[in-house]
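What follows is each chain in one-letter form.
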Amino acid sequence: MPAVTDPRPLTGEPLALDLLNTRWNSEGVPQDLLTDTGGLAVWLTANGFALPADETVLRHTLQARDALRAAVDEHLRGKADGAPSTGAERVDAVLAHGRIRVTLSPEGPGERAEFEDPAWEPGWLAARNYLELLGASPDRIRHCAHETCVLHFLDTSRNGTRRWCSMSGCGNRAKASRHYARTKES
């Protein structure tokens, strides 16, 4: 059986954002990689998971994706002072399905994730990764500036001014649109 290639336009982001990017738009049509276990298998393989892509893993991963979407949207939009953070509550609910065990090995101190149900591993690790991103560089978590794009990325540019999920895609479309508007006015 031939390997299925990952159809997403943006891959390689940190795990939390990569999970969010399993939804994207293609020529104005919403796409979702996680509509079935076949798409889940593509995402699991792309992120180095050795779990079987079954319905339970899919259900838990979708729950984590929805929780992350709510939390990231609240983070980027900013929430009203005093308003409860439903995104944070939903991420906490995902994190309740696992824990980190501190270990000591011949190589030195370490950590190992443990789960009440192994099917939670991908979603739980994505939720934990989001906490790591918030701890390290919360201001670098971005949503693509193109009005029709739904992708997220971690801005790793030196000056922190990246606006597009990719310059070859959304960045070029924005430049072409501005150029067309200027030439139309002339």
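What counts and how
Residues numbered from 1 in each chain as written. Predicted model: local features only at pLDDT ≥ 70, side-chain atom pairs only at ≥ 80, totals over all residues. Heavy atoms only, no water. Axes fitted to C-alpha atoms, helices over the stretch in contact; angles between N-to-C directions. Helix = DSSP H or I, 4+ residues; strand = E, 2+ residues; numbered from the N terminus. Parallel < 35°, antiparallel > 145°, perpendicular 65-115°, else oblique. Left-handed = near helix turned anticlockwise from the far one by under 90°. Contact = heavy atoms within 4.5 Å. Nonpolar A, V, L, I, M, F, W, Y, C, P; charged D, E, K, R; others polar. Core = buried A, V, L, I, M, F, W, Y, C linked by side-chain atoms within 4.5 Å. Buried < 20%, exposed > 50% of the residue type's maximum accessible area, 1.4 Å probe, protein only.

**Topic: the packing of helix α3 (residues 55-77) against helix α4 (residues 86-95)**
Phase 1 of the analysis: Viewed as axis vectors pointing N to C, α3 and α4 meet at an angle of 150°, and their least axial separation amounts to 7 Å. By the angle class used here, α3 and α4 are roughly antiparallel. Here α3 runs over α4; the crossing is left-handed. Each of Q63, A64, D66, A67, L68, A70, A71 and E74 in α3 lies in contact with α4, whose residues at this interface are T86, G87, A88, R90, V91 and V94.
Phase 2 of the analysis: A class-by-class count of the residues in the contact of α3 with α4 yields eight nonpolar, three polar and three charged.

**With respect to the nonpolar core**
Phase 1 of the analysis: In this structure, W43, L68 and C165 are the most contacted members of the largest nonpolar core, which totals 41 residues.
Phase 2 of the analysis: Only α1 (15-20), α2 (37-46), α3, α4, α5 (121-136) and β6 (152-154) provide two or more residues apiece to this core.
Phase 3 of the analysis: Setting aside its immediate chain neighbours within four residues, W43 contacts R8, L15, D18, L19, T22, L33, L34, F49, T61 and P122.

**Some details on the side chain of N21**
Phase 1 of the analysis: Turning to its location among the elements, N21 is positioned in the loop between α1 and β1 (23-26).
Phase 2 of the analysis: Once residues lying within four places of it in the same chain are set aside, the contact partners of N21 are R8, L10, E13, L151 and H152.

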